[in-house]
Amino acid sequence: MMKKKILFIITSQFGYHTDTFMYCKHIDKEKYDVHYVGFDFGLPKREIENVAIHYIPIHYNKLKRYWIYVKSINKLIRKENFNILFLVDCQASLLIRLCNMKRKSILDIRTGDIQIKNRKISFFNIKIWFLSYLFKNITIISNSLRESLHLPSEKCHLLPLGAEAFDLPPKTFKNLMLFYIGTLQNRKIYQTIEGLYLFLKVNTGILVHYNIVGYGDSSEVKKLLDSIKKYQLENIVTFHGRKNHYEVMNLFEKSNFGVVYVPITRGYNCQPTTKLYESVLAGMPVIATKTLENELSIGLADGVLIQDTPAAFAKGLEKLILNSYMYNSDILKLKFEMYSWENIVKQNLEPYLNQIC
């Protein structure tokens, strides 16, 4: 049987957009000839065996950058004659689709407008809605996002977020070994520092450490570091900067609670978060803000749900200690095993691709 040729199209450099990296890693290379195209941002290169990676150089002129991007991708499509184009929604998706209307294509929607807040109209969401009319096949991260974008259910296929399932020893929950990994941008992680300070003011005798791995612009990093210094938590909170997951496996191993802190806003409400699945598949209950998607996922034995304030974070930490007898790493991992990237690709994405082919 001839392999089907699939091209994953995104602006991110290969290995720096988790979802597509995991699709490429776990998809059956006996059935699919896998290609990936994205910008070369000058970050360290990552590779996967039997995945052809096509880099497009960055041009400082944004208009010219995307013109080169679209032109290069269309040339690649004509040369390789792909069976499926998998377009992760980006600024150039419209032009790429218009140039390849006769080819089987999937529009992959990983996010809506997370900055929408109380605005009635979002041009970002309107762009996705308009673009969706050009596709027969759409994958989307959650049903709540589909409803928010007013996309028809018959065109949409739920392709959720996930995480790698690492073989880690079971956790114990007598102490608080907190772990946050992910972007700092617009997440207000500095509020968790104040929350930890409020918790420590009234809770003594508990061993606490908080590891933060993440990245953001200089102002976000400064807010975080200033908070650590302001509340004199330098010996308790460690900011590691940007690392990939394989560089921080020791932190996954020694931590016992995951921090899933995003603002509770209209935009974030229907946006699942990778941090949730990374935590539970590592056997860690979570302290998570009470967004709609987190509320749908988290049960009493999976962690605690809180409001997005420092005081609520402090109370949530107290509740984690109070409920510690309920937590079991093995049960937690078993409950969420369907969200391992391998299972998502093998049991969800591949059958969907086979159906389209």
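A brief look at the structure comes next. (Residues numbered from 1 in each chain as written. Predicted model: local features only at pLDDT ≥ 70, side-chain atom pairs only at ≥ 80, totals over all residues. Heavy atoms only, no water.)

## Considering empty space enclosed by the protein
Line of reasoning, step 1. The final tally for this structure, using the stated rule, is one cavity of 30 Å³ or more.
Line of reasoning, step 2. Of the voids in this model, the largest cavity is the one considered here, and its volume is about 40 Å³.
Line of reasoning, step 3. As for the largest cavity, its lining consists of F179, Y180, I181, F252, V259, K275, E278 and S279.
Line of reasoning, step 4. Those elements that provide at least two residues to the lining of the largest cavity are β8 (176–183) and α10 (274–281).
Line of reasoning, step 5. Considering only residue class, the lining of the largest cavity consists of five nonpolar, one polar and two charged. (1 Å grid on protein atoms, 1.4 Å probe; cavity = no way out; pocket = protein on both sides within 12 Å on 5 of 7 lines; lining within 4 Å. Points joined across faces, edges and corners; volume = space filled by probe spheres on them. Helix = DSSP H or I, 4+ residues; strand = E, 2+ residues; numbered from the N terminus. Nonpolar A, V, L, I, M, F, W, Y, C, P; charged D, E, K, R; others polar.)

## A few points about the state of the cysteines
Line of reasoning, step 1. Enumeration over the complete set of coordinates arrives at zero disulfides.
Line of reasoning, step 2. Free of any disulfide, C270 has its nearest neighbouring cysteine sulfur in C156, separated by 13 Å. (Disulfide = S-S within 2.5 Å.)

## Some thoughts on the environment of Q232
Line of reasoning, step 1. One can find Q232 in the loop between α7 (218–230) and β10 (237–241).
Line of reasoning, step 2. Under the relative-accessibility criterion, Q232 is labelled exposed at 68%. (Buried < 20%, exposed > 50% of the residue type's maximum accessible area, 1.4 Å probe, protein only.)

## Considerations on the nonpolar core
Line of reasoning, step 1. Counting 69 residues, the largest nonpolar core has I9, Y69, F86 and I109 as the members making the most contacts within it.
Line of reasoning, step 2. Residue contributions to this core peak at seven residues, all from helix α14 (residues 341–356).
Line of reasoning, step 3. When sequence neighbours within four positions are dropped, the list of residues in contact with Y69 reads I9, I10, T11, F39, I56, C90, A92 and I96.
Line of reasoning, step 4. Of all hydrophobic cores here, the second largest spans 31 residues; its members include L196, L200, I212 and A312. (Core = buried A, V, L, I, M, F, W, Y, C linked by side-chain atoms within 4.5 Å. Contact = heavy atoms within 4.5 Å.)

## Remarks on the sheet that holds strand β12 (residues 286–289)
Line of reasoning, step 1. Read across the sheet, six strands follow the order β10-β9-β8-β11-β12-β13 without closing on themselves; strand pairing throughout is parallel. Strands with a single pairing partner mark the edges of an open sheet, and in this sheet they are β10 and β13 (303–306). Strand after strand, the sheet turns through a mean of 20° between neighbouring axes, direction not considered.
Line of reasoning, step 2. In this sheet, β12 lies alongside strand β11 (residues 257–260) in parallel orientation, the contact comprising three bridges. From the neighbouring strand, V259 faces β12, where its bridge partner is I287.
Line of reasoning, step 3. Contacts between helix α6 (residues 190–202) and the sheet are confined to β8, β9 (208–215), β10 and β11, with β9 contributing the most and set at about 175° to the helix.
Line of reasoning, step 4. On the sheet, α7 packs against β9 and β10 and is oriented at approximately 160° with respect to β10. (Pairing = 2+ DSSP bridges. Axes fitted to C-alpha atoms, helices over the stretch in contact; angles between N-to-C directions.)

## Quick look at the pattern of salt bridges
Line of reasoning, step 1. Counted under the stated rule, the structure contains 12 salt bridges.
Line of reasoning, step 2. A salt bridge links K127 to D89, with the shortest nitrogen-to-oxygen separation between them at 3.4 Å. You can see K127 sitting in helix α4 (residues 123–132) and its partner D89 sitting in the loop between β4 (84–88) and α3 (93–98), a full 38 residues away along the chain.
Line of reasoning, step 3. With relative accessibility at 16%, the residue D89 sits in the buried group.
Line of reasoning, step 4. The shortest N-O distance in the salt bridge between D226 and K222 comes to 2.8 Å. Taken as a pair, D226 and K222 lie in helix α7 at a separation of four residues, close to a single helical turn. (Salt bridge = Lys/Arg side-chain N within 4 Å of Asp/Glu carboxyl O.)

## Observations concerning unusual backbone geometry
Line of reasoning, step 1. Unlike most non-glycine residues, N50 shows phi in positive territory, near 70°.
Line of reasoning, step 2. Looking at the secondary structure, you find N50 in the loop between β2 (32–40) and β3 (51–57).
Line of reasoning, step 3. Within the chain, Q232 stands out as a residue other than glycine whose phi angle is a positive 55°.

## So, the sheet that holds β4
Line of reasoning, step 1. Read across the open sheet, the seven strands follow the order β3-β2-β1-β4-β5-β6-β7; overall the sheet is parallel. Of all strands in the sheet, those bounded by a partner on one side alone are β3 and β7 (156–158). Looking at each pair of strands side by side, their axes are set apart by 20° on average, direction ignored.
Line of reasoning, step 2. Across four bridges, the pairing between β4 and strand β5 (residues 105–109) is parallel. From the neighbouring strand, V88 faces β5, where its bridge partner is D108.
Line of reasoning, step 3. Strands in contact with helix α2 (residues 62–80) are β1 (4–9), β2, β3 and β4; relative to β2, the strand with the most contacts, it is inclined by about 165°.
Line of reasoning, step 4. Where α14 meets the sheet, its contacts fall on β1, β2, β4, β5, β6 (137–140) and β7, and the angle it forms with β6 comes to roughly 175°.

## Points about the environment of Q347
Line of reasoning, step 1. Considering the arrangement of structural elements, one finds Q347 in helix α14.
Line of reasoning, step 2. Separated by 218 residues in the primary sequence, Q347 and W129 have C-alpha atoms spaced 28 Å apart.

## Description of α6
For an α-helix, 3.6 residues make a turn, and residues three or four places apart therefore share a direction.
Line of reasoning, step 1. The set of residues buried in α6 consists of Q191, T192, I193, G195, L196, F199 and L200.
Line of reasoning, step 2. Packed against the buried residues of α6 are β8, β9, α7, β10, β11 and α12 (310–322).

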